[in-house]
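Spelled out from the first residue to the last, the chains are:
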Amino acid sequence: MNTSPLAWLNGSDAPEKPSLDIGFMALTDCASVVVAATQGFAQQHGLTLNLKRQGSWASLRDKLASGELDAAHCLYGLVYAVHLGIGGVPASDMAVLMGLNQNAQAINLSPALQRKGVTSPEALARLVHQHGAKLTFAQTFPTGTHAMWLYYWLASQGIHPLHDVNSVVVPPAQMAAHIQAGRIDGFCVGEPWAAAAVAQGQGFTLATSQSIWPDHPEKVLACARTFAEQYPNSARALIKAILAASRFIEQSQENRHSTAQLLSGSAYLDTPLETVEPRLLGAYQDGLGNHWQDNHALHLFDHGRANLPYLSDGMWFMTQFRRWGLLRDDPDYLGVARQVQQLALYHEAAEALGVPCPALPMRSSLLIDGNRWDGSNPYGYARSFRLHALGDTPDARIGL
Amino acid sequence: MLRILLIDDTQNKLGRLKAALREAGFEVIEAPDLTIDLPACVETVRPDVVLIDTDSPDRDVMEQVVMVSRDQPRPIVLFTDEHDPGVMRQAIQAGVSAYIVEGIHAARLQPILDVAMARFESDQALRAQLLARDQQLAERKRIEQAKGLLMKMKDCNEEQAYTLMRRQAMSRQQKLIQVAEQIIAMHEMLG
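In this text the structure is predicted, and so the values were computed from the model without any measurement. Per chain, the residues get numbers from 1 upward, laid out in the order the sequence is written. Chains and ligands are labelled sequentially in the order written, the chains with letters from A and the ligands with numbers from 1. This being a predicted model, a pLDDT of at least 70 is required before a residue's local features are given, and a value of 80 or more before pairs of side-chain atoms are given or counted; all residues contribute to the totals for chains, interfaces and linings.

## Observations concerning the sheet that holds strand β9 (residues 204–208) of chain A
All names here are of chain A.
1) Next: For two strands to be treated as a pair, DSSP must find at least two bridges joining them. Think of it this way: any DSSP run of H or I at least four residues long counts as a helix, any run of E at least two long counts as a strand, and we number them from the N terminus. The mixed open sheet is built from five strands, whose spatial order is β7-β6-β8-β5-β9. Two strands in the sheet have a free side with no partner beyond their single neighbour: β7 (166–169) and β9. Sheet twist, expressed as the average angle between the axes of neighbouring strands with direction ignored, equals 25°.
2) Next: Where strand β6 (residues 136–139) meets β7, four bridges bridge the pair, whose relative direction is parallel. Paired with Phe 137 across the two strands is Ser 167, which belongs to β7. Every angle, taken between N-to-C directions, lies between 0 and 180 degrees, and every axis is a line fitted to C-alpha atoms, over only the stretch in contact when it is a helix.

Set out below in structure tokens:
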């Protein structure tokens, strides 16, 4: 890699590389990236962002690791899997520049299960345990957030995600089609694809990801570590642009509404506004006749609470990789998180914009199974679950 | 294997470089002289490097080179018998690596081509970055101008004007710059 030919020209903090290729997947939680790129936020920070929509997380990962993409809207877990060398590509140093959002993923079941009356966690557990049904669930990437929410939720209901059910990988936008074709019985995916399945009469939402962990970490702005090291000014400017965009989106209900209109366009989600908007605004209906306003719906900003790259958030994904045997040995949880999470760059960017930064890079959360995670004892936490695969070797069913 | 478009623009057509290039292991595609349409030829042949062997790089030669640099950018290496430093400077400004052909040995060709390609790549990157910067500046100016017009029209402050423009752009699935251009065009029309 060459350093930028312009690096020597810039005394100040002007971006070394002013034009960046940014990957994203067609998901509601890419909102702040799209708004930053198209609504003048990037320009104000000396950047041009060329948005590159990707068809699958695997191809986004490959382009991010090869440097074809400078940065991307990315699954939290995916960044750590690439960094640790789990999965299809050799280990390659990665960086998390900021959090992009919390919440707004969901687990859906098929209309066939709905017709059988399997509309509650208890009914699902009964079906799996008493009738020996081996159901197939889809997630979006073997080490991604959706696999981890699905596994965590199933385990919290007494269903072993690796032994009691089958797991397959399906790109987010294709979930409803796979349900319709009867190839899968359920899935975990980001919005608007769970809402889209409900709208098309293809099943119902059994659990939201925020019911597993209110305000859980989800997508991040990721790049290869070499990018952050070679172009620190570009990386900081990129954080500023996206942080400013996320603040703008959450400034008013009208801004959120306009954001939904923009996202529904063919260049982004290519999905009707009626499918994108309700859950973006927190208005949920599950397809079983229940409606509610969700207090832990999509957070893109939440006064900066959704954006700080907490060390404990990054560490959590490693504890789950360990729990499910994706990591056979314990990594240096804190050490790896310190390498990956670019706290210094984030702090500089947030301070420049006047966005509050929590003082501690750890946070404490209570999850659905009653376990508390605060980052203090990752080794013990990874071993604290009744259902696990600590002794297993990664196996073929989860696509590795 | 590197694919080289070799243009023999010398009077005697000695083919003095062809043998040396083949010997050094390159794939050589020949063109007779610069009466060809060089940009079109580059488009068809898709060479990794364009190599021009010429007695003297006159205006016609430089014209062709400039056209390629603009439309079909490729590393261009020019070998010439011309010793005039002014001519060489002109050639280098047009974006080529220029060498005096005298005493060129096969063994020296590889490093010469490597340097030409490396330099080409960094020139291209620099050009793309400068272009991006120019475009950003131009767009920022237009957006500022539209914002100013809107502040007058709506009697609002800067932040409100930005928000209005952004909401308009987002609800139409457009970029901010597009709405800025519409505001400016509307203002010009209404005078």
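So much for the structure itself; the text now carries on.
## Quick notes on the domain arrangement of chain B
1) Next: Throughout, the edges of the domains are those of an automatic or database domain assignment. Each assigned domain of chain B is listed here: domain 1 (3–104) and domain 2 (134–190).
2) Next: In this structure, domain 1 of chain B and domain 2 of chain B have C-alpha centres spaced 48 Å apart.

## Observations concerning the domain arrangement of chain A
Residues and elements named next belong to chain A.
1) Next: Segmenting chain A into domains produces domain 1 (7–102 + 216–284 + 296–366) and domain 2 (105–215 + 381–398).
2) Next: Domain 1 and domain 2 are separated by 25 Å when their C-alpha centres are compared.
3) Next: A pair of residues counts as a contact when their C-beta atoms, built from backbone coordinates, are within 7 Å of each other. Contact residues are listed per partner, giving 39 residues for domain 1 and 34 residues for domain 2.
4) Next: Take the side of domain 1 that touches domain 2: its biggest share by element is six residues, from helix α15 (residues 311–323).
5) Next: Per-class residue counts for the side of domain 1 that touches domain 2 are 17 nonpolar, 15 polar and seven charged. Residue type decides the class: Asp, Glu, Lys and Arg count as charged, Ala, Val, Leu, Ile, Met, Phe, Trp, Tyr, Cys and Pro as nonpolar, and the leftover types, Gly among them, as polar.

## What to know about the packing of helix α6 (residues 158–171) of chain B against helix α7 (residues 176–190) of chain B
Residues and elements named next belong to chain B.
1) Next: As a packed pair, α6 and α7 sit with axes 8 Å apart at the nearest point and diverge in direction by 110°. In terms of orientation, α6 lies roughly perpendicular with respect to α7. For the crossing formed where α6 meets α7, the hand is right-handed. Every residue of α7 that contacts α6 at Met 165, Arg 166, Gln 168 and Ala 169 is listed here: Leu 176, Gln 178, Val 179 and Ala 180. Orientation categories follow fixed angle ranges, with anything under 35 degrees roughly parallel, anything over 145 roughly antiparallel, 65 to 115 roughly perpendicular, and all other angles oblique. For any helix crossing, the convention is left-handed if the near helix is rotated counterclockwise from the far helix by under a right angle, and right-handed if that rotation is clockwise.

## Details of the pairing of strand β1 (residues 19–25) of chain A
All names here are of chain A.
1) Next: Whether a residue is buried, exposed or partly exposed follows from its count of other C-beta atoms within 10 Å of its own C-beta, namely 20 or more, 12 or fewer, or something in between, respectively; the C-beta atoms are built from the backbone. Judged by how many residues are buried, β1 sits mostly within the fold: six of seven residues are covered.
2) Next: Where β1 and strand β2 (residues 48–54) come together, seven bridges link them in parallel fashion. Its bridge partner being in β2, Leu 20 is matched across the sheet by Leu 49.
3) Next: Judged from the two bridges that link them, β1 and strand β3 (residues 71–75) form a sheet pairing that is parallel. If you follow Gly 23 over to β3, its bridge partner there is Ala 72.

## A short note on the nonpolar core
1) Next: Counting 150 residues, the largest nonpolar core has A:Ala71, A:Val79, A:Leu97 and A:Ala222 as the members making the most contacts within it.
2) Next: No other element matches the eleven residues that helix α12 (residues 232–249) of chain A contributes to this core.
3) Next: Among residues more than four places away in sequence, those in contact with A:Ala222 are A:Leu64, A:Ala71, A:Ala72, A:Cys74, A:Val79, A:Met94, A:Ala95 and A:Val96.
4) Next: By size, the runner-up hydrophobic cluster in this structure holds 27 residues, among which are B:Ile4, B:Val42, B:Ile52 and B:Ala91. Only buried residues count toward a nonpolar core: Ala, Val, Leu, Ile, Met, Phe, Trp, Tyr and Cys, linked into one set through C-beta atoms within 7 Å.

## Some words on unusual backbone geometry
1) Next: The amide bond that connects A:Glu191 to the next residue, A:Pro192, takes the cis arrangement and shows omega of 15°.
2) Next: Mapped onto the elements, A:Pro192 comes out in the loop between β8 (186–190) and α9 (193–199).
3) Next: A positive phi angle is found at A:Asp302, which is not glycine, with a value near 50°.
4) Next: Note that A:Asp302 resides in the loop between β12 (291–293) and α15.
5) Next: A positive phi is found at B:Gln173, a non-glycine position, where the angle reads about 55°.
6) Next: Relative to the helices and strands, B:Gln173 is located in the loop between α6 and α7.
7) Next: Judged by C-beta crowding, with 17 C-beta atoms within 10 Å, B:Gln173 ranks as partly exposed.

## Observations regarding the confidence of the model for chain A
1) Next: How sure the predictor is of each residue is captured by pLDDT, a score from 0 to 100. Averaged over all residues, the pLDDT of chain A is 94; the fraction at 70 or higher stands at 95%.
2) Next: Throughout residues 395–400 of chain A the model reports pLDDT below 50, and contacts reaching past four residues in sequence, or to other chains, amount to eleven contacts.

## Regarding helix α5 (residues 106–154) of chain B
All names here are of chain B.
1) Next: Multiply 1.5 Å by the residue count of a helix minus one, and that product is the helix's expected span. Between its first and last C-alpha atoms α5 spans 72 Å; for 49 residues at 1.5 Å apiece the expected length is 72 Å, and the two agree.
2) Next: Turning to α5, its buried residues are Leu 109, Leu 113, Ala 116, Phe 120, Gln 129, Gln 136, Ile 143, Ala 146, Lys 147 and Leu 150.
3) Next: In the stretch just after α5, Asp 155 is the one whose phi turns positive, near 50°.

## Brief notes about the interface of chain B and chain A
1) Next: Each partner contributes residues to the interface: chain B has 20 residues there, and chain A has 20 residues.
2) Next: Counting only elements with at least two residues in the side of chain B that touches chain A, the list comes to α5 and α6 of chain B.
3) Next: Per element, the largest residue contribution to the side of chain B that touches chain A is twelve residues, and it comes from α5(B).
4) Next: Of the residues belonging to the side of chain B that touches chain A, the class tally is eight nonpolar, six polar and six charged.

## As for the sheet that holds β1(A)
All names here are of chain A.
1) Next: Read across the open sheet, the five strands follow the order β2-β1-β3-β10-β4; overall the sheet is mixed. What marks the edges here is a single partner per strand, and that holds for β2 and β4 (94–99). Sheet twist, expressed as the average angle between the axes of neighbouring strands with direction ignored, equals 35°.

## Quick look at α7(B)
1) Next: The terminal C-alpha atoms of α7(B) lie 21 Å apart, and with 15 residues this matches the ideal 21 Å at 1.5 Å per residue to within 8%.
2) Next: For α7(B), the full list of buried residues reads B:Leu176, B:Ile177, B:Val179, B:Ala180 and B:Ile183. In a view along the axis of α7(B), the buried residues occupy a sector of 165°, so they form one face of it. For α7(B), the exposed residues lying more than 90 degrees away from the buried face are B:Ala185, B:Met186, B:Glu188 and B:Met189.
3) Next: Among the structural elements, α1 (31–38) of chain A together with α5 and α6 of chain B are those in contact with the buried residues of α7(B). Picture the helix axis, draw a direction to every C-beta atom, and the arc is the one those directions span.

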